[in-house]
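Listed below are the residues making up each chain.
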Amino acid sequence: MSVAAGNRTLYERASRRMPGGVSSPVRAFGAVGGEPPFIVAGEGCRVRDADGNSYIDLVCSWGPLIAGHAHPAVVAAIAEQAALGSSFGMPTPGEVDLAETIARAVPSIEMVRFVSSGTEATMSALRLARGATGRSALLKFAGCYHGHVDALLAKAGSGVATFGLPDSAGVPPEIARATITVAFNDLEAARRAARENALAAIVVEPYAGNMGCVPPVDGFLEGLRRVASETGALLIFDEVITGFRLARGGAQELLATAPDVTCLGKVIGGGVPIGAYGASRALMERVAPVGPVYQAGTLSGNPLATAAGLATLALLDRAAFERLERVGALLQRGLEAAIARARVPARVQRAGSLLTLFFTDRPVRNEDDAKTSDRLRFAAFHRAMFRRGVLLPPSQFECWFLSLAHDDDAIEAIVGAAGPSLEEVA
Ligand SMILES: Cc1ncc(COP(=O)(O)O)c(C=O)c1O
């Protein structure tokens, strides 16, 4: 690799032509300092940058790569489809197979519509809820991120929280006013909001992943189900992160409750752009061309994405989820021991293969708790891990993503890097 094409040169060139030198804000390393690596290749649980450095990757493309980088079955599926053509703008067999696979895995979904991103999935689910209820208002939870949809950017987590933006500029006030926000895990506040407003929808990440990993407290989601049913709002689970990650049936498989509408993305495309929203037949038949809720897309249900998605979902059997749980628990135990040795105020929160090390010692149940984390310490820890060859998501308010390619050796190496890194920042 020539020096002229190294990280520094690429970042300078990128910064001249792309805002912040990136195509999505959190990639810019603004919250942790330094400059982002430019990735040229990935294999298994590792990525290699333009300077030739290799890292154990805990970003995993922010979730899609549950099989790891360049899994041979996924590569073969994409190559085979690419040779047949990459897009037709006509129905293809792959989307039928993927729709059936999703409906078999997620009992609350009878029909799906494919789109090209998680943002499109939540945007369209919201339109469906508004079309079905004839109402406009919606309830979301502070710190939950549902993509960059105007109506869903209020108190959004992820990059919006990372960069300290209260909301985004450019969202018309009349749209922002239709969004009511309460604290995640606060069922009472949600119930009040639903009684005081005619809500079209209650939108929630069932396990929040965009303020770091924050599981629901007992009864929260079941309570939201009751509140939605009692007040005539639709309950939308945004399972863009958790779908086919916490279980084949997503978070809802782990719960005694089901939403009206589910949003999917990430894992179902195996690293190629895709999103989907699904619900009962009665609800989905309100979507065009059968019903009056209009929604469309040139590349929707793209055959490369459905091929990569199907190849990925084929790997996700019971043994795969047991393996993800086992390596997740191994990493958690290793990090907790390292935290104790370094005597640094920090805690690990985890759900399966999603995990966050928060630099606070108080349990994180909502965004306010997450914001008690010491972000300067996280930034120093991120840099220390990066120097030791571990690529973490460059924000305190994100999950680390494990994949089937993270084996015991990789976990040992991550924990081995975390020990001295935590001592350094203690
Ligand atoms: C829970 C959740 N919903 C929606 C989105 C938006 O998905 P996309 O980035 O594919 O538009 C994200 C992205 O990280 C997400 O985490």
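Residues numbered from 1 in each chain as written. Predicted model: local features only at pLDDT ≥ 70, side-chain atom pairs only at ≥ 80, totals over all residues. Heavy atoms only, no water.

Let us look at the site of the ligand. Every residue lining the ligand is accounted for by Ser117, Gly118, Thr119, Tyr145, His146, Gly147, Glu205, Asn210, Asp238, Val240, Ile241 and Lys266. In the environment of the ligand, an oxygen atom lies 2.6 Å from a nitrogen or oxygen atom belonging to the side chain of Thr119. At 3.5 Å, a backbone N or O of Tyr145 approaches a nitrogen atom of the ligand. Its free accessible area being 390 Å², the ligand has 81% of it covered by the protein chains. Here the shell around the ligand is composed, by residue class, of three nonpolar, six polar and three charged. (Near = heavy atom within 4 Å. Polar contact = N/O pair within 3.5 Å; in protein donor to acceptor, adjacent residues only side chain to side chain. Areas by Shrake-Rupley, 256 points an atom, 1.4 Å probe, with all protein chains shown as cover. Nonpolar A, V, L, I, M, F, W, Y, C, P; charged D, E, K, R; others polar.)

Okay, the pairing of strand S1 (residues 39-43) next. Regular strands have side chains that alternate between both faces of the sheet. Summarising the sheet, S1 and strand S2 (residues 46-49) pair through four bridges and their orientation is antiparallel. Paired with Ile39 across the two strands is Asp49, which belongs to S2. Hairpin connection of S1 to S2: two residues between the antiparallel strands, including Gly44 at a positive phi of 60°. (Pairing = 2+ DSSP bridges. Helix = DSSP H or I, 4+ residues; strand = E, 2+ residues; numbered from the N terminus.)

What follows covers the sheet that holds strand S5 (residues 137-142). What links the strands of a sheet is backbone hydrogen bonding, and the strands pair in either a parallel or an antiparallel sense. Taken in spatial order, the seven strands of this open sheet run S4-S10-S9-S8-S7-S5-S6, and their pairing is mixed. The open sheet has two edge strands with one neighbour each: strand S4 (111-115) and strand S6 (179-183). Strand after strand, the sheet turns through a mean of 20° between neighbouring axes, direction not considered. For S5 and S6, the ladder comprises five bridges, and the chain directions are parallel. Residue pairing for S6: Phe141 is matched across the bridge by Val182. Helix H4 (residues 118-133) contacts S4, S5, strand S7 (199-204), strand S8 (234-238), strand S9 (261-264) and strand S10 (275-279) of the sheet and is inclined by roughly 175° relative to S8. Along the sheet, helix H8 (residues 220-231) makes contact with S5, S7 and S8, crossing S7 at roughly 170°. (Axes fitted to C-alpha atoms, helices over the stretch in contact; angles between N-to-C directions. Contact = heavy atoms within 4.5 Å.)

The next point concerns the packing of aromatic side chains. Inspection of the entire model under this criterion finds eight aromatic pairs. An angle of 5° between the planes, with centres 4.7 Å apart, marks the rings of Tyr55 and Phe386 as stacked. Remark: Phe386 occurs in helix H14 (residues 375-387) and Tyr55 occurs in strand S3 (residues 54-57); sequence separation between them is 331 residues. Taking relative accessible area as the criterion, Tyr55 reaches 5% and is therefore assigned buried. Aromatic side chains Phe141 and Phe220 sit 5.4 Å apart centroid to centroid with 80° between the ring planes, which places their arrangement in the edge-to-face category. Linking Phe141 in strand S5 with Phe220 in helix H8, this pair joins segments that are 79 residues apart in sequence. By the burial criterion, Phe141 is buried, and Phe220 matches it. (Phe/Tyr/Trp six-rings, centres within 6.5 Å; stacked < 30°, edge-to-face > 60°. Buried < 20%, exposed > 50% of the residue type's maximum accessible area, 1.4 Å probe, protein only.)

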